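# Structural characterization, general
Each chain, written out:
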Amino acid sequence: ARNGRAHLLPGVRSWYDGYVFGGEIIYNPWSVLGFLDSMEARFQTYWLSTSSNDLVRELLERYALKLQPVFEVLLEGGSIERPLDENVVLSELRRDESALWSLLVFSGYLKAESAPADAQGRLMYRLSIPNREVREVYSTTFRNWMKDRMQGHGGDAAVLTEALLGGDAEGFVEQL
């Protein structure tokens, strides 16, 4: 409410809320402070800009095709259920897809809420994207992955989109 910014609260909530610690949902404090410190009060990825996301990006790109349906659910605001391993070994990340989920939770790219145990009695967690700030990372990563893949095969995402929206079937097929 300070400085007449009360109308921004719903935006702050959607961009920086959603983390769960000790059963409590909290806001990302770094991002909230960055937002409040911003002279323009502009929503952006404050926390995610403070470090390199290279490992996360590499792993998302590595598993992009295989996990596309799962990430579509997450990007649409849904959740998935997975077990988590608190003892993830970094060297296993490139070989073990299940280690990816633990990394994404423990590094803040997914939030985890308790779910019923599976048929084998393993603890399960309902995973979801915590907020818009993190959703931006996923969207950018997959957009860049698609662009790089298309360029590697002589295509162009902008031309593909233009052909699709313009009804140019031949141009669309060529780019696809």
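Let me sum up the structure you'll find in this document. As the structure is a prediction and not an experimental result, all values here were calculated from the model. (Residues numbered from 1 in each chain as written. Predicted model: local features only at pLDDT ≥ 70, side-chain atom pairs only at ≥ 80, totals over all residues. Heavy atoms only, no water.)

### Things to note about the pattern of salt bridges
According to the stated counting rule, one finds 2 salt bridges in the structure shown. For Glu-81, the salt bridge goes to Arg-126, with nearest N and O atoms at 3.5 Å. Of this pair, Glu-81 sits in strand E3 (residues 80-82) while Arg-126 sits in strand E5 (residues 124-128), and the two are 45 residues apart along the sequence. A residue is classified by how much of its surface remains accessible, and Glu-81, at 35% relative accessible area, is partly exposed. Asp-118 is the salt-bridge partner of Arg-122, the closest N and O atoms lying 2.7 Å from each other. The class for Arg-122 is partly exposed, based on a relative accessible area of 43%. Among the residues examined, Asp-118 registers a relative accessible area of 18% and is labelled buried. (Salt bridge = Lys/Arg side-chain N within 4 Å of Asp/Glu carboxyl O. Helix = DSSP H or I, 4+ residues; strand = E, 2+ residues; numbered from the N terminus. Buried < 20%, exposed > 50% of the residue type's maximum accessible area, 1.4 Å probe, protein only.)

### Here's the deal with the environment of Phe-35
Relative to the helices and strands, Phe-35 is located in helix H2 (residues 29-37). Judged by relative accessible area, Phe-35 falls into the buried class, the value being 2%. Distance in space between the C-alpha atoms of Phe-35 and Thr-45 is 9.3 Å, their sequence separation being 10 residues.

### Some points on the sheet that holds E5
If you walk across this open sheet you meet the 3 strands as E3-E5-E4, and the pairing is antiparallel. Strand pairing shows two members of the sheet lacking a second neighbour, E3 and strand E4 (111-115), which therefore form its edges. Direction aside, neighbouring strands of the sheet carry axes that sit 35° apart on average. Pairing analysis gives 3 bridges linking E3 to E5, with the strands arranged antiparallel. When the sheet's bridge partners are listed, Arg-82 is paired in E5 with Tyr-125. Sitting on the sheet, helix H4 (residues 68-75) touches E3 and E5, and the angle it makes with E3 is about 120°. (Pairing = 2+ DSSP bridges. Axes fitted to C-alpha atoms, helices over the stretch in contact; angles between N-to-C directions. Contact = heavy atoms within 4.5 Å.)

### Considering the nonpolar core
Membership of the largest hydrophobic core comes to 26 residues, with the highest contact counts inside it found for Phe-71, Leu-74, Trp-101, Leu-104, Leu-110 and Tyr-138. Listing elements by their share of this core, those giving two or more residues are helix H3 (54-63), H4, helix H5 (97-106) and helix H6 (132-152). The element contributing the most residues to this core is H5, with 6 residues. Excluding residues within four positions of it along the chain, Leu-110 makes contact with Leu-74, Trp-101, Leu-104, Val-105, Leu-127, Ser-128, Ile-129, Pro-130 and Tyr-138. (Core = buried A, V, L, I, M, F, W, Y, C linked by side-chain atoms within 4.5 Å.)

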